[in-house]
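# Structural description and commentary
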Amino acid sequence: MLAQYLDIHPEVQQALQSGQAVVALESTIISHGMPYPQNVETAKKVEQTVRDNGAIPATIAMIQGRLKVGLTAEELEYFGKTGQSITKVSRRDIPFIVAKKADGATTVASTMIIAAMADIKVFATGGIGGVHRGAQETFDISADLEELAATNVAVVCAGAKSILDIGLTLEFLETNGVPVIGYQTETLPAFYTRESDFGVDYRLDTPEAIAEALAIKWSLHLKGGAVIANPIPSEYAMDKASIDSAIQNAISEMDKAGVKGKASTPFLLAKVAELTGGNSLDANIQLVLNNAKLASRIAVSLSADA
Ligand code: PSU
Ligand code: MN
């Protein structure tokens, strides 16, 4: 039985039973996506933002082999402090971390899987994984994309970070039937900046319109999630030229160091943060809060219509 592996926090359980909106949050962004102590402060602020917008937060992680839906303050602190030495867990890793009774930081893919087990439909994060630049040679395509094709959870993000090949990422999503919705935008945001050279599939201007589209998709049994791309607030957006050059440098350092596989994304994230100083960290924090707000409003609308 699935439930034998799952620990749903009582507050989350209560919310799910009473039909209240719940928003899933990931843990790799805490352990691998930001430095301590900003990661823990941000994780707490994100949870508070979800509450302020009428939903209950459920941060997802693995602790001593248990699939956790909703963490205590102590557990959040532990994840932030332990950082990159916690195993990064994607779909393939889950059963092994359970068997070893180990801790695991869940990526977008594994957070979606565990959210779906708990019947949570909306998930907020910063950026999703995607098709990496040079994937024609390396085959480096994040398992997040396959998960979006397979699992019924909507992911609110700030678009795709240009450590990725955004064009190829969109092609992959199109092939796999994953809609990319722009919130109040026609162009796909590029994480630190509000725009990229690529369009979204559908522009929708309210959380209610997004909730309606999701409800229709799932009523029709059209399996899979959706990418909801929410541009970073303009006051926190970064200068495109400086972020582009930092990303370029990060990629060449990665190639030089021969970093591959699951280590690539954390390596690039850390390098970009290092090269842009505190600026990119500030931007990162603000966009995650902005995504938590939109995700909560979508979740509230979905639960009201259910
Ligand atoms: N992109 C970000 N911040 C992140 C990640 C991606 O801007 O923290 C994390 C997420 O957990 C995402 C994972 O699911 O990296 C993707 O890793 P990979 O490319 O190895 O699939
Ligand atoms: Mn990868």
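These lines cover the structure that appears in this document, whether it is placed above or below. (Residues numbered from 1 in each chain as written. Chains lettered and ligands numbered in written order. Predicted model: local features only at pLDDT ≥ 70, side-chain atom pairs only at ≥ 80, totals over all residues. Heavy atoms only, no water.)

With that settled, consider the site of ligand 1. Every one of the 15 residues lining ligand 1 counts as a neighbour, but Glu26, Ser142, Asp144, Lys161 and Thr265 are closest to it. At a separation of 2.6 Å, an oxygen atom of ligand 1 approaches a polar side-chain atom of Glu26. At 2.7 Å from an oxygen atom of ligand 1 is found a side-chain nitrogen or oxygen belonging to Lys161. Here ligand 1, which alone exposes 480 Å², has 93% of that area covered by the protein. Within the residue set of the shell around ligand 1, elements represented by two or more residues are helix 2 (28–31) and helix 12 (264–275). The residue makeup of the shell around ligand 1, split by class, is four nonpolar, seven polar and four charged. (Near = heavy atom within 4 Å. Polar contact = N/O pair within 3.5 Å; in protein donor to acceptor, adjacent residues only side chain to side chain. Areas by Shrake-Rupley, 256 points an atom, 1.4 Å probe, with all protein chains shown as cover. Helix = DSSP H or I, 4+ residues; strand = E, 2+ residues; numbered from the N terminus. Nonpolar A, V, L, I, M, F, W, Y, C, P; charged D, E, K, R; others polar.)

Between helix 10 (residues 207–219) and helix 13 (residues 278–305), whose axes approach to 8 Å, the crossing angle comes to 55 degrees. Viewed along their axes, helix 10 and helix 13 adopt a mutual orientation that is oblique. Note that helix 10 runs across helix 13; the crossing there is right-handed. Packed against helix 10, whose contacting residues are Pro207, Glu208, Ile210, Ala211, Leu214, Ala215 and Trp218, the element helix 13 presents Leu294, Arg297, Ile298, Ser301 and Leu302 at the interface. Along the lines of polarity and charge, the residues of the contact of helix 10 with helix 13 split into nine nonpolar, one polar and two charged. (Axes fitted to C-alpha atoms, helices over the stretch in contact; angles between N-to-C directions. Parallel < 35°, antiparallel > 145°, perpendicular 65-115°, else oblique. Left-handed = near helix turned anticlockwise from the far one by under 90°. Contact = heavy atoms within 4.5 Å.)

Moving on: the pattern of salt bridges. Across all of its chains, the model carries 11 salt bridges by this definition. Among the salt bridges present, the one from Arg66 reaches Asp7, with a minimum N-O distance of 2.7 Å. Of this pair, Arg66 sits in strand 4 (residues 66–69) while Asp7 sits in strand 1 (residues 6–8); the two residues are 59 residues apart in sequence, bridging distant segments of the chain. A residue is classified by how much of its surface remains accessible, and Arg66, at 27% relative accessible area, is partly exposed. What emerges from the salt-bridge pattern is a single network uniting Asp7, Arg66 and Lys68. (Salt bridge = Lys/Arg side-chain N within 4 Å of Asp/Glu carboxyl O. Buried < 20%, exposed > 50% of the residue type's maximum accessible area, 1.4 Å probe, protein only.)

Moving on, we come to the packing of aromatic side chains. Centre-to-centre distance and the angle between the planes together describe a pair of aromatic rings. Counting across every chain of the model gives two aromatic pairs. Taking the centre distance of 5.9 Å and the plane angle of 85 degrees together, the rings of Tyr78 and Phe79 count as edge-to-face. Of the residues examined, Phe79 reaches a relative accessible area of 0% and is grouped as buried. Ring geometry for Phe191 against Tyr192: centres 4.9 Å apart, planes inclined by 80 degrees, an arrangement best described as edge-to-face. By relative accessible area, Phe191 is classed as buried at 1%. Its guanidinium or amino end placed over the ring of Phe191, Lys161 lies 3.9 Å from that ring's centre, counting from NZ or CZ. (Phe/Tyr/Trp six-rings, centres within 6.5 Å; stacked < 30°, edge-to-face > 60°. Lys NZ or Arg CZ within 6 Å of the ring centre and 35° of its normal.)

Once that is clear, we can look at the nonpolar core. Within the largest apolar cluster, 101 residues are counted, with the highest numbers of intra-cluster contacts made by Val69, Ile120, Leu148, Leu214, Ile228 and Ile298. Sorting elements by how many residues they give to this core places helix 13 first, with 12 residues. Apart from residues lying up to four places away in sequence, Ile120 is in contact with Val12, Leu16, Val22, Val23, Ala24, Ala58, Val69, Ala115 and Val153. (Core = buried A, V, L, I, M, F, W, Y, C linked by side-chain atoms within 4.5 Å.)

With that settled, consider the pairing of strand 2 (residues 22–25). The alternating pattern of strand 2 places Val22 and Ala24 on one face and Val23 and Leu25 on the opposite face, and all of these are buried. Summarising the sheet, strand 2 and strand 3 (residues 56–63) pair through four bridges and their orientation is parallel. What sits directly across from Val22, in strand 3, is Ile56. Where strand 2 and strand 7 (residues 122–124) come together, three bridges link them in parallel fashion. (Pairing = 2+ DSSP bridges.)

Here the focus is the environment of Gln38. Mapping Gln38 onto the fold places it in helix 3 (residues 38–52). Gln38 sits in the partly exposed class, given a relative accessible area of 28%. Taking C-alpha positions, Gln38 is 28 Å from Ile166, a pair spaced 128 residues apart along the chain. The residues contacting Gln38, other than those within four sequence positions of it, are Leu281 and Ile285.

Attention now moves to unusual backbone geometry. At the junction of Tyr36 and Pro37, the peptide bond is cis and its omega measures out at 5 degrees in the coordinates. Tracing the sequence through the fold places Pro37 in the loop between helix 2 and helix 3.

With that settled, consider the environment of Lys256. Structurally, Lys256 can be placed in helix 11 (residues 240–257). Linking Lys256 and Tyr202, residues 54 residues apart in sequence, is a C-alpha distance of 39 Å.

Listed as buried for helix 8 (residues 143–150) are Asp144, Leu145, Glu147, Leu148 and Ala149. Where helix 8 is buried, its residues contact helix 6 (108–117), strand 8 (154–157), helix 9 (166–175) and strand 11 (226–229). With a side-chain oxygen positioned 3.0 Å from the backbone nitrogen of Asp144, the residue opening helix 8 is Ser142.

Their axes nearest at 8 Å, the elements helix 6 and helix 8 cross at an angle of 30 degrees. Between helix 6 and helix 8, the crossing angle belongs to the class labelled roughly parallel. Residues Val108, Ala109, Met112 and Ile113 of helix 6 lie in contact with helix 8, whose contacting residues are Ala143, Asp144, Glu147 and Leu148. A per-class count over the contact of helix 6 with helix 8 returns six nonpolar, no polar and two charged.

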